[in-house]
Amino acid sequence: MDSQVRNVRKREIVAHSVFVYTFLGAVFGACCPLLAWVVDIANLGLPFTFDSIQFIHFKNPSHFIADLAPGIMALVFAKLGSSQRDLVRDRALLQSRVDERTHELQVSNEALNERTSDLENTSELYRLAAKRFEDLFEGLPVACFTVDRSGCVYEWNRKCAEVLGKSTLEAYLQPVDSVVELESGADRWREMFDQAFEGHEVNDREFVVLLEDGTRRFTLTSVIPITGPEDDVCGAVCASIDITERKSVEIDLALSEGRFRTAMNALFEGVMVVDSEGRIQTCNPCGAKLLQLEVSDIGGTSLYAHPWDVTDWDGNPVSVNEFPVIRSLRKGEVVKDAVLSVPLRSGDRRWLSLNSSPLTVADGGEIVAAVVSFSDITESIEADNRIRSQMQHIESMNRLLKDNQVQLQQANARLKALAKTDGLTGLMNHRAFQNRLAREVERCNAEGQKLSLLMIDVDDFKRYNDTFGHPAGDEVLSRVSRVLESCAGPTDCVARYGGEEFALVLLGADERRAGEVAERILEALNDAKWPKANVTLSIGISTTSPRQVEGKALIEEADNALYAAKSKGKNCFVHSAGLNGIRVDRRRKAA
């Protein structure tokens, strides 16, 4: 198309040139050879040359012009006519092609405008998307920043400044390990980013960030790789959540849990926590011991899975749904002092007293668990049963003897005496003796009267027991108690102090009378006939002095005198005053 335009333009130039040269030829005929040469140079295609031009005499220039002008004009007009037709044809062809190109340009222009509009719309959408991303990134509730492959910070949102303690200007294009200092060292950053740049996500890593003011902040950090258009990793985005408060709560919770477990382990009664599904979450060692189970065997087991054989006070079976802890879980009941009989691994049954209470998220909220405490009251129940049996016996006696009030009072007196007397000897027991001695010492101190105490021990009783057996030893203790009662006065107090040791309180007795009673006891025992072997006693005596004394001191002095009697060879008595008592030399009789 461009070459055709150039040809048409060239022909127009040639036509104008012909007119110009023709005029010049007419004026300057003498210059005709030069005109022919110029025309030939211009490539007009004229059918003449210098050789075809006839010789012209220059003597008369007018003849020259007159002879030459018609031929030149004819030739020029012939050439002009042919060039004009070619020019018209070329113009038409050129116009057609120009129109086609114009139409194509219009179509292309419309398409270009359309693409430009689409591009503008896309650009606007991209701008809006970038703005939304920027707003979203800035407004994220977690600290987020991006890094390039060199580890330098590229974007840094507002939450980063709050959590990590650096502004955007301080962090921009800086290495992340110089912006955020980790307590575990900068290598942790490089380790995470190396994994991210290899295309792997790094999730939920806990770090301690050291801020410029010296505070420590706990963060939960994840790193995700950023891929480019060709799916190559070009950077990474890092998200950090401030878990300092949660960590503090976790630490407090751990401390609370530790205190809770310490308290649980220190309790002398069983404690168990059961969740809402009926699973045992925890049980303290005392509870496991009461149930004859291991703590590791209890945790996580379901109450419904255990083959319980629980009965109530009346012996009726109790289902799991009727357990106090299940009632607390299902109905929110607070159960107190429930008594159940529970089988143990050994095959025995034990009575347990249970208290159960629901645990809620908040006051009146959802029940999430229940705590039950329990203690072994088998011995108490057995004692209660014995007492109940005795009371039933008393009631029976009361119904049978209600017309005899005196007999009822005597029965009550016997019951009271059971708590004060020794079961084997029928004497006053240790506790009753201590109470009686304290009262008598206080009374004697107040009235200024004398009081003597005899501490009596059966010699070599252990050897006697080992040789002849415990039944024979029990018989010896019974006979000794009867000898002591026979030697005591009506106001004196005889008691079994413990084991083979007895005590005798002599009211109003001084040292002399106490020695006489001790000698009488030794003589009576030596004169007695014993079926297996002779039995002797050692006696220690103490007497109150004018100064105020206590029962404990009196017992200690008599006990020291008793030891002295033992060291003197036994079968004698020693008084604490000087520890120089008289040895009673009695020959033992053969059995």
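That block above? That's the structure.
As a starting point, this report considers the structure included with it. Fair warning: this is a prediction, and the values are worked out from it, not measured in the lab.

**Observations regarding the overall build of the protein**
Across its full length, the protein carries 18 helices and 18 strands. Expressed as a percentage of its 591 residues, the buried residues of the protein come to 34%. Contacts in the protein between residues far apart in sequence, at least 24 positions, make up 52% of those at least 6 positions apart.

**Here's the deal with the side chain of Glu501**
By the secondary structure assignment, Glu501 is in strand β16 (residues 501-507). Ignoring anything within four residues of it in the chain, the contact list for Glu501 reads Met455, Ile456, Asp457, Arg496, Asp559 and Leu562.

**Considerations on the environment of Leu453**
Considering the arrangement of structural elements, one finds Leu453 in strand β14 (residues 451-458). For Leu453, a relative accessible area of 0% puts it in the buried group. Taking the C-alpha atoms as reference points, Leu453 and Leu507, 54 residues apart in sequence, are found 8.8 Å from one another. Discounting residues that sit within four places of it in the chain, Leu453 has contacts with Phe433, Ala503, Leu504, Val505, Gly540, Ile541, Ser542, Leu554, Ile555 and Ala558.

**Details of the pairing of strand β2 (residues 153-156)**
In the sheet, strand β1 (residues 143-148) pairs with β2 via three bridges, with the strands oriented antiparallel. Paired with Thr146 across the strands is Glu155, a residue of β2. Taken together, β1 and the strand that follows it, β2, pair antiparallel across an intervening segment of four residues, in which Gly151 is found at a positive phi of about 85 degrees.

**Observations concerning the pairing of β14**
Here β14 lies mainly inside the structure; eight of its eight residues are buried. Pairing between β14 and β16: seven bridges, direction antiparallel. What sits directly across from Ile456, in β16, is Phe502. The sheet contact formed by β14 and strand β17 (residues 537-543) spans seven bridges and is antiparallel. Across the sheet, residue Leu453 finds its bridge partner in β17, namely Ser542.

**Focus on the nonpolar core**
A general trend in soluble globular proteins is that nonpolar side chains are found buried together. Counting residues in hydrophobic clusters, the biggest one holds 32 residues, and the most contacted among them are Leu454, Ile456, Val458, Val480, Leu504, Ile521 and Ile539. Residues in contact with Leu504, not counting those within four places in the same chain, are Ser452, Leu453, Leu454, Ile456, Ala488, Asp492, Cys493, Val494, Val517 and Ile521. Counting 26 residues, the second largest nonpolar core, distinct from the first, contains Val179, Val180, Leu182 and Val202.

**Describing the sheet that holds β16**
A sheet is described by the order of its strands in space; here five strands give the open sequence β15-β16-β14-β17-β18, paired in mixed fashion. Since the sheet does not close on itself, it has two edges, and those belong to β15 (493-498) and β18 (573-575), each with one partner. Direction aside, the axes of adjacent strands within the sheet are offset by 20 degrees on average. Most of the contacts of helix α17 (residues 511-527) go to β17, to which it runs at about 170 degrees, and overall it touches β14, β16, β17 and β18. Across the face of the sheet, helix α18 (residues 551-567) comes into contact with β14, β15, β16, β17 and β18 while running at roughly 145 degrees to β17.

**Section: the packing of aromatic side chains**
Overall, the coordinates contain eight aromatic pairs when judged by the stated rule. On the basis of an interplanar angle of 35 degrees and a centroid distance of 5.2 Å, the ring pair of Phe145 and Trp156 is categorised as tilted. With a gap of eleven residues between them, Phe145 in strand β1 and Trp156 in strand β2 connect regions that are remote in the sequence. Accessibility assignment for this pair places Phe145 and Trp156 in one class, buried.

**Focus on the sheet that holds strand β5 (residues 216-227)**
The antiparallel open sheet is built from six strands, whose spatial order is β2-β1-β6-β5-β4-β3. Single-partner strands in this sheet number two, and they are β2 and β3 (181-182). Taken together, the six bridges between β1 and strand β6 (residues 233-242) define a ladder with antiparallel strand orientation. Each bridged residue has a counterpart across the sheet, and for Thr146 the counterpart in β6 is Val237. Strand contacts of helix α7 (residues 187-197): β1, β3, β4 (202-210), β5 and β6, with the helix running at about 155 degrees to β4, the strand carrying the most contacts.

**A look at the packing of helix α16 (residues 470-487) against α17**
One can describe the packing of α16 onto α17 by two numbers: an axis separation of 10 Å at closest approach and a directional angle of 140 degrees. Relative to α17, the element α16 is oriented oblique. Here α16 and α17 pass one another in a crossing that is right-handed. Contact residues: α16 offers Val480, Val483, Leu484 and Cys487, while α17 offers Val517, Arg520, Ile521, Ala524 and Leu525. Among the residues forming the contact of α16 with α17, the class breakdown is eight nonpolar, no polar and one charged.

**Let's talk about unusual backbone geometry**
A negative phi holds for most residues other than glycine; trans holds for most peptide bonds. Unusually for a residue other than glycine, Asp204 sits at a positive phi of about 55 degrees. When you line up the elements, Asp204 lands in strand β4. Of note, the phi angle at Asp337 is positive, near 55 degrees, even though the residue is not glycine. The residue Asp337 is located in strand β11 (residues 335-343) in this model. By relative accessible area, Asp337 is classed as exposed at 57%.

**Topic: the packing of helix α15 (residues 461-468) against α16**
Two elements in contact, α15 and α16, have axes separated by 7 Å at closest approach and are oriented at 135 degrees. Our classification of the angle between α15 and α16 gives oblique. Counting all contacts with α15, which are made through Phe461, Tyr464, Asn465 and Phe468, the residues of α16 involved are His470, Ala472, Gly473, Val476 and Leu477. Within the contact of α15 with α16, the residues separate by chemical class into six nonpolar, three polar and no charged.

Cut-offs applied
- Residues numbered from 1 in each chain as written.
- Predicted model: local features only at pLDDT ≥ 70, side-chain atom pairs only at ≥ 80, totals over all residues.
- Heavy atoms only, no water.
- Helix = DSSP H or I, 4+ residues; strand = E, 2+ residues; numbered from the N terminus.
- Buried < 20%, exposed > 50% of the residue type's maximum accessible area, 1.4 Å probe, protein only.
- Contact = heavy atoms within 4.5 Å.
- Pairing = 2+ DSSP bridges.
- Core = buried A, V, L, I, M, F, W, Y, C linked by side-chain atoms within 4.5 Å.
- Axes fitted to C-alpha atoms, helices over the stretch in contact; angles between N-to-C directions.
- Phe/Tyr/Trp six-rings, centres within 6.5 Å; stacked < 30°, edge-to-face > 60°.
- Parallel < 35°, antiparallel > 145°, perpendicular 65-115°, else oblique.
- Left-handed = near helix turned anticlockwise from the far one by under 90°.
- Nonpolar A, V, L, I, M, F, W, Y, C, P; charged D, E, K, R; others polar.

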